[in-house]
Amino acid sequence: MADETPFEPWRIAADELGPAAPFSEADRAAVYRAIYTRRDVRNEFLPEEVPQELLLRILDAAHHAPSVGFMQPWNFIVIRDAAVRGEVHRAFLRGAEAEERMLDPARRNHYRNLKLEGILKSPVNVCVTCDRERHGATGLGRTQQPNTDLLSAACAVQNLWLAARAEGVGVGWVSIMREEDLRAILGIPEEIAIVAYLCVGFVERAYKRPELEVKRWASRLPLETLVFEDRWGAQQIA
C-alpha cells in the first residue's frame, strides 16, 4: 500500500541521492559486452539445471527494470515441468505450421530448416506477463500512452536477458504460438497480458552473430539509416 503521509519534497534526506558518475572502464566494457554478445538461444542449451538461487538473481534483475509510473506490472511464471513444456511445444508446432503457410512459398523451405525454439531442450522456461490494472485502469504516465505498461514489461525482459548473459545463461524468446493456447496451458487470466515466453538454460557456446543473420534470414540494419535529427525522416548530418 502506498505511503499515505503527505509528501514534502524538502524533507527528502540527503542520503537518498547517491553518486551517478560513469562506470570504470572495466565495468563499462562489461556492460557493453553483455549487450553485444547477447543472443537468442535456441539449440545450444545444456541439460544442466539452473539453480534456484541463480534464477532468482536473474529475475531480481528483471524486477529492477524501469517502469513508467513505477508500476512494475510484471509477473514471472517459472515452468520446469516437462509435461507443461510439452504442451507449450505442441502449441509452438501448431503456430509454426500456421506461420509457414503465411510465408512466400520461396522462403518456406528456408523457414522449415531454422531452429526457432528451445522449449524442451532448455531446463526451465519463463513466461513474463503484464498486469494492466495493477495500479488502476490508467496509472501514472499511462493516461496519454496506455501501452507504456507493456513497454515496461518488455524492459524487464531485456534486463533478464542481459543479467542471464552475464551469468553464462542463455535465453530464447518464443513467439510463434497463439496467445489463447498459452493462456489456457498456463492458466493465465484474461485480464493479464502475455508479454514473452522465454527458454532459459546454461550454454557453453553461442553464435558470434545473431543466428538468423548467420543463416541468412535477415541482417542488421545500418544505424545511420535509423537515426533522425529533430523530426521523422531527417537524416543526421555526419
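Parameters and conventions
- Residues numbered from 1 in each chain as written.
- Predicted model: local features only at pLDDT ≥ 70, side-chain atom pairs only at ≥ 80, totals over all residues.
- Heavy atoms only, no water.
- Phe/Tyr/Trp six-rings, centres within 6.5 Å; stacked < 30°, edge-to-face > 60°.
- Helix = DSSP H or I, 4+ residues; strand = E, 2+ residues; numbered from the N terminus.
- Buried < 20%, exposed > 50% of the residue type's maximum accessible area, 1.4 Å probe, protein only.
- Lys NZ or Arg CZ within 6 Å of the ring centre and 35° of its normal.
- Salt bridge = Lys/Arg side-chain N within 4 Å of Asp/Glu carboxyl O.
- Contact = heavy atoms within 4.5 Å.
- Pairing = 2+ DSSP bridges.
- Axes fitted to C-alpha atoms, helices over the stretch in contact; angles between N-to-C directions.

Draft legend 1. Geometry of the packing of aromatic side chains. Under the definition given, this model contains 3 aromatic pairs. Note on Trp161 and Trp173: the rings are 6.3 Å apart at their centroids and 45° apart in plane angle, and the pair reads as tilted. Of this pair, Trp161 sits in helix H5 (residues 148-166) while Trp173 sits in strand S3 (residues 169-174), placing them 12 residues apart in sequence. A ring pair is formed by Phe228 and Trp232, whose centres lie 4.7 Å apart and whose planes are at 75°; its orientation type is edge-to-face. Given the relative accessible area of 26%, Phe228 is considered partly exposed. Exposure remark for Trp232: the relative accessible area of 79% places this residue in the exposed category. The lysine or arginine in question, Arg38, covers the ring of Trp161, its NZ or CZ lying 4.5 Å from the ring centre. Sitting over the ring of Trp217, Arg107 keeps its end group 3.7 Å from the ring centre.

Draft legend 2. Highlighting the pattern of salt bridges. Inspection of the entire model under this criterion finds 16 salt bridges. Linking Arg142 and Asp149 is a salt bridge whose minimum nitrogen-to-oxygen distance equals 3.4 Å. By relative accessible area, Asp149 is classed as buried at 0%. Between Glu179 and Arg183 there is a salt bridge, with the nearest N and O atoms lying 2.7 Å from each other. Taken together, the residues span about one helical turn, with Glu179 and Arg183 both in helix H6 (residues 179-186) at a distance of 4 residues.

Draft legend 3. Here's a closer look at the side chain of Thr148. Along the chain, Thr148 falls in helix H5. Residues within four places of Thr148 in sequence aside, it is in contact with Val68, Met71, Gly141 and Arg142.

Draft legend 4. Region of the structure containing the side chain of His89. Here His89 lies in helix H3 (residues 82-102). For His89, a relative accessible area of 16% gives the class buried. Filtering out sequence-adjacent residues up to four positions away, His89 remains in contact with Glu117, Ile119 and Leu120.

Draft legend 5. Molecular detail of the sheet that holds S3. Reading across the sheet, the 4 strands line up as S1-S2-S4-S3 and stay open at both edges, with antiparallel pairing between neighbours. Edge positions in the sheet fall to strand S1 (74-79) and S3, since each of these pairs with one other strand and no more. Sheet twist, expressed as the mean angle between neighbouring strand axes with direction ignored, is 25°. Where S3 meets strand S4 (residues 192-202), 6 bridges bridge the pair, whose relative direction is antiparallel. Among the inter-strand pairings, Val169 is bridged to a residue of S4, identified as Phe202. H6 rests against S1, strand S2 (124-131) and S4 of the sheet, and its axis sits at about 75° to S4.

Draft legend 6. Layout of the environment of Met71. With respect to the helices, strands and loops of the structure, Met71 is situated in the loop between helix H2 (52-63) and S1. For Met71, a relative accessible area of 7% puts it in the buried group. Between the C-alpha atom of Met71 and that of Trp173, which follows or precedes it by 102 residues, the distance is 24 Å.

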